[in-house]
Amino acid sequence: MRSVVVTGASTGIGWAIAKFLIGRGYRVFGSVRKQADADRLMGEFGTNFTALLFDVTDEAAVLAAARKVREALGGETLAGLVNNAGVAVAGPVLELSVDDFRRQMEINVIGPVIATQAFGPLLGADPSLEGPKGRIVMISSVAGKNGNPLSAPYCTSKHAIEGLSESLRRELMLFGIDVIIVAPGAVKTPIWSKAEQIDLSVYQNSPYLPALNKVMAFMMKLGETGLPAERIAEVVFEALTAERPKVRYQITPDRMRHLMTATLPKRVVDRIIAKRLGLLPQG
């Protein structure tokens, strides 16, 4: 039985990946931040799931979890590491607190770096382990190739993941470890429903408030119309198991819209988005 580590397994994409892999005969080590989630997932998934209790920004806790996984592997390699844990921070760059921006980068960028350093040796960088080399799957986003107003922290973090993955893939060729990006569009996950919990009161006197309200409403709609998380899990499975995987998989619910965004001149896209959100100069 091969084993895979999935970060951020409590809900959404991570939960769907864990369920899918277990259904295909894998053992999954899934990270959660709360003991209650660990207990729930072990009840839902059974004996082929092991909960790892850590926050991806806590290097000591992640390293301790890696030692636990190493012991469970019994001298064999890990089949995969899925760097999935993440959050989405919204707000105008001119007014967003630096601490909020920093938290976005710590979780979405530094977190995967910490996890990769901790679990990378188990994928085959440690020559003492036996078995096939493992793979790293980085969960990016269509936002990794595009920038959306009032979502700069999230877009910035996903652009960073794209660059990290590209560089890491070439570095890890030395050990035969592949790095593959999976970049979904909107997915039906709790990350969007959390948009309504964002406190906009700090922006009551901001010229961005009308646009922020439109963005929040749009994010809520994405939570209803996005791709099922199971679709992302299927693609992650392909990335982990295909004989010749792509370096990047992009999955979107509305391919035409993303095709237009990618092919139209940037200034044209700027004006379309600005007009919809009310971000064009007034008067």
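Note that the structure is predicted; figures quoted are calculated from it, not measured.

## A short note on the overall build of the protein chain
Okay, so step 1: A tally of helices and strands in the protein chain yields ten helices and seven strands.
Okay, so step 2: Taken across its 283 residues, the protein chain has 48% of its residues classed as buried.
Okay, so step 3: If you sum the accessible surface of the protein chain, you get close to 14,400 Å²; carbon and sulfur atoms cover 54% of it.
Okay, so step 4: The distance from the centre of the 33 positive side-chain charges to the centre of the 27 negative ones in the protein chain is 7 Å.

## Quick notes on empty space enclosed by the protein
Okay, so step 1: Evaluated as defined, the whole model comprises one cavity of 30 Å³ or more.
Okay, so step 2: Of the volumes computed, that of the largest cavity is approximately 40 Å³.
Okay, so step 3: Lining the largest cavity are Thr7, Val56, Asn83, Asn84, Ala85, Gly111, Pro112 and Ala115.
Okay, so step 4: In terms of residue class, the lining of the largest cavity is made up of four nonpolar, four polar and no charged.

## Brief notes about the pairing of strand E6 (residues 178–184)
Okay, so step 1: Along E6, six of the seven residues are buried, which leaves the element largely enclosed by surrounding structure.
Okay, so step 2: Taken together, the five bridges between strand E5 (residues 135–139) and E6 define a ladder with parallel strand orientation. Opposite Ile136, over in E6, you have Val179 as the bridge partner.
Okay, so step 3: In this view, the connection linking E5 to its parallel neighbour E6 by way of helix H5 (residues 152–171) has right-handed handedness.
Okay, so step 4: By the bridge criterion, four bridges tie E6 to strand E7 (residues 248–251) in an arrangement that is parallel. Following the sheet pairing, Pro184 is matched in E7 by Ile251.

## Digging into the pairing of strand E4 (residues 80–83)
Okay, so step 1: Neither face of E4 is left uncovered, since the one carrying Gly80 and Val82 and the one carrying Leu81 and Asn83 both have all their residues buried.
Okay, so step 2: Pairing of strand E1 (residues 3–6) with E4, which is carried by three bridges, proceeds in the parallel orientation. Bridge assignment links Val4 to a residue of E4, and that residue is Gly80.
Okay, so step 3: Summarising the sheet, E4 and E5 pair through four bridges and their orientation is parallel.

Rules behind the numbers
- Residues numbered from 1 in each chain as written.
- Predicted model: local features only at pLDDT ≥ 70, side-chain atom pairs only at ≥ 80, totals over all residues.
- Heavy atoms only, no water.
- Helix = DSSP H or I, 4+ residues; strand = E, 2+ residues; numbered from the N terminus.
- Buried < 20%, exposed > 50% of the residue type's maximum accessible area, 1.4 Å probe, protein only.
- Areas by Shrake-Rupley, 256 points an atom, 1.4 Å probe, with all protein chains shown as cover.
- Lys, Arg positive; Asp, Glu negative; His and termini not counted.
- Charge placed at Lys NZ, Arg CZ, Asp CG, Glu CD.
- 1 Å grid on protein atoms, 1.4 Å probe; cavity = no way out; pocket = protein on both sides within 12 Å on 5 of 7 lines; lining within 4 Å.
- Points joined across faces, edges and corners; volume = space filled by probe spheres on them.
- Nonpolar A, V, L, I, M, F, W, Y, C, P; charged D, E, K, R; others polar.
- Pairing = 2+ DSSP bridges.
- Right-handed = clockwise from strand over helix to strand, strands pointing away.

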